Amino acid sequence: MVVASNGSSPLVYSNGTKVPQSTLSSDSVVNVEKGDPMIFSPYWEKMNDECTVVIKAQELMSYVCDENSLCFYMLPQMRDAILRIHNVVGNAVTKDNYIVLGTGSSQLYHAALYALSPSQPPNHPINVVAAAPYYSEYPDATEVLQSRLFKWSGDANTYNKNEPYIELVTSPNNPDGAMRTPVVKSKAQGKIIYDLAYYWPQFTPITHQLNHDLMLFTLSKSTGHAGSRIGWAIVKDIEVAKNMIKFMRLSSVGVSRESQIRATKLLEVICDSYQNLKSIKSELFFSHSKRLMKERWEKFKGVIEQSNVFTLVKNPIAYCNFTKETSESYPAFAWLKSAEGIKDGEKYLEKFNICTRGGERFGVDAKYVRISMISTDGEFNELLRRLLKVKRG
Ligand code: PMP
């Protein structure tokens, strides 16, 4: 469905239906700068009965969940739910691998850098690189502690030092949705962290069951429960897993058990519905969330085509082993390039009260700009309304 403007309000889609009124006033800023996954909230609202958890006052008081387990602070049912969701979706191999739980994958990023960095000179601080455009948080997250173990060394495409390195491979990539593989060509020893936050069926076709040495996943983008702060790493090498757990013990003595209970419930409900163990009132989660992403992308592309101000790269198309159909990717972010004559896409959109994240934060030109596709319905509809006013002849 393509959005068409008749030049004045009300704005209408090409089939004649109106662009829904948003709750935002026209002079307020529409913030599509952050990646808060609020798009899935109405789905979970419908699932309240199935997903509510009750925690009694005397429960979950200990630091320790399972003394005999390597990841001593992870509830056994949390671990089972993680194994189950990967088994249902088929996006990662868990067999013979270790699961390390974290407070979001952000904390596990630090744990992974700690575990992969050489502890002895002369190879430290080790260089940490990612191919531009890279996830905008990596440079600051790498540098915040001014570590003696690792240092941010920029764009992996241009890395030519003959020194050991850690390469971050984000696939699908934030900001541009591209499916990625490592790019560093140096002959020096390299280790890779796969950040797979968006490797879920609503965002991209699941083409392979990935089985890399260190893979990061997060509840924030899989179910949309960013506030629970649950992430997990799938790790091949026991020494790396042990060192990540050591980092977790020293930085936060584990992960909130309340959050684990909630995350477990959400993942179990999704798995039960796919394995036909329990029927649910709503559509299946990944079909529903993929449909929402597709609808948003179709509307968004229509508006951008009309604007003549920005261009979009084509989203990849592939056969999805999970949905059993060939389909396009529907990334969590749109990555726009400004037309000739516009040097700064973020500043340009500021004039329309649209707050975005500019290309320089991702290690590229300010001509580029990232827009969240996973905001609330209200924010998204208001974004479309404002983009309809962004036009060049
Ligand atoms: N990696 C990528 C590529 C992300 O986009 C995000 C969230 N924006 C994260 C990691 C961090 O996710 P979490 O909420 O699990 O800390």
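Given the structure is predicted, the values throughout are model-derived calculations rather than measurements. (Residues numbered from 1 in each chain as written. Predicted model: local features only at pLDDT ≥ 70, side-chain atom pairs only at ≥ 80, totals over all residues. Heavy atoms only, no water.)

Take the packing of aromatic side chains next. This model, assessed by the stated rule, comprises 26 aromatic pairs. Between the aromatic rings of Tyr43 and Trp44, the centroid separation amounts to 5.1 Å while the plane-to-plane angle is 90°, which identifies the pairing as edge-to-face. You'll find Tyr43 and Trp44 in the same group, each marked buried. When the ring of Trp200 is compared with that of Phe286, the centres are 6.2 Å apart and the planes differ by 5°; the resulting orientation is stacked. Highlighted residues: Trp200 in the loop between strand 8 (190–195) and strand 9 (214–218) and Phe286 in helix 9 (residues 285–307), separated in sequence by 86 residues. Phe286 matches Trp200 in its accessibility class, with the two residues each being buried. The positively charged end of Arg370 is found above the aromatic ring belonging to Phe333, 3.7 Å away from the centroid. (Phe/Tyr/Trp six-rings, centres within 6.5 Å; stacked < 30°, edge-to-face > 60°. Buried < 20%, exposed > 50% of the residue type's maximum accessible area, 1.4 Å probe, protein only. Helix = DSSP H or I, 4+ residues; strand = E, 2+ residues; numbered from the N terminus. Lys NZ or Arg CZ within 6 Å of the ring centre and 35° of its normal.)

As a further point, take the sheet that holds strand 7 (residues 165–170). Pairing within the open sheet is mixed, and its seven strands lie in the order 4-10-9-8-7-5-6. Looking at the sheet topology across the chains shown, the edges are occupied by strand 4 (98–103) and strand 6 (150–155). When the angles between neighbouring strand axes are averaged without regard to direction, this sheet yields 25°. By the bridge criterion, six bridges tie strand 4 to strand 10 (residues 230–235) in an arrangement that is antiparallel. By the bridge assignment for strand 10, Tyr98 is matched with Val235. (Pairing = 2+ DSSP bridges. Axes fitted to C-alpha atoms, helices over the stretch in contact; angles between N-to-C directions.)

A separate point is the sheet that holds strand 11 (residues 310–312). Read from one edge of the open sheet, four strands run 11-14-17-16, paired in antiparallel fashion. Taken across any chain shown, the strands that pair with only one partner, and hence form the sheet edges, are strand 11 and strand 16 (357–358). The pairing of strand 11 with strand 14 (residues 333–338) spans three bridges and is classified as antiparallel. Each bridged residue has a counterpart across the sheet, and for Leu312 the counterpart in strand 14 is Leu336. Lying over the sheet, helix 9 contacts strand 11, strand 14 and strand 17 (368–372), oriented at roughly 140° with respect to strand 11. (Contact = heavy atoms within 4.5 Å.)

Following both chains from N to C, one finds helix 9 and helix 11 (residues 377–387) inclined at 20°, their axes separated by 9 Å at the closest point. Classified by the interaxial angle, the pair formed by helix 9 and helix 11 is roughly parallel. Remark: the crossing between helix 9 and helix 11 carries left-handed chirality. Residues Arg296, Lys299, Phe300, Val303 and Ile304 of helix 9 touch helix 11, and the partners they reach there are Asp377, Phe380, Leu383, Leu384 and Leu387. Per-class residue counts for the contact of helix 9 with helix 11 are seven nonpolar, no polar and three charged. (Parallel < 35°, antiparallel > 145°, perpendicular 65-115°, else oblique. Left-handed = near helix turned anticlockwise from the far one by under 90°. Nonpolar A, V, L, I, M, F, W, Y, C, P; charged D, E, K, R; others polar.)

All right, on to the site of the ligand then. Taken together, the neighbourhood of the ligand is formed by 13 residues, with Ser106, Asp195, Tyr198, Thr218 and Ser220 sitting nearest. Lys221 is positioned with one of its side-chain polar atoms (N or O) 3.2 Å from a nitrogen atom of the ligand. Within the complex, 90% of the 400 Å² of free accessible area of the ligand lies under protein. Elements with a minimum of two residues in the shell around the ligand: helix 4 (104–116) and helix 6 (219–222). With three residues, the single largest contributor to the shell around the ligand is helix 4. (Near = heavy atom within 4 Å. Polar contact = N/O pair within 3.5 Å; in protein donor to acceptor, adjacent residues only side chain to side chain. Areas by Shrake-Rupley, 256 points an atom, 1.4 Å probe, with all protein chains shown as cover.)

Excluding glycine, residues mostly carry a negative phi; peptide bonds, for their part, are mostly trans. Ala132 connects to Pro133 through a cis peptide bond whose omega is 0°. One can find Pro133 in the loop between strand 5 (126–130) and helix 5 (137–143). Residues Ser171 and Pro172 are joined by a peptide bond in cis, for which omega reads -5°. Summarising the element assignment, Pro172 is placed in the loop between strand 7 and strand 8. Positive phi values are uncommon outside glycine, yet Arg229 reaches one of about 55°. Mapped onto the secondary structure, Arg229 falls in the loop between helix 6 and strand 10. Phi at Val253 is positive, roughly 45°, even though this residue is not glycine. On the secondary structure map, Val253 appears in the loop between helix 7 (238–252) and helix 8 (257–274).

Moving on, we get to the UniProt feature "domain: Alliinase C-terminal" (unreviewed entry) in the protein chain. Summarizing the sequence annotation, UniProt attributes the feature "domain: Alliinase C-terminal" (unreviewed entry) to residues 30–390 in the numbering used throughout. Between the first and last C-alpha atoms of residues 30–390 the distance is 14 Å; the span itself is 34% helix and 19% strand. (UniProt positions renumbered as here; feature names shortened; annotations may be inferred.)

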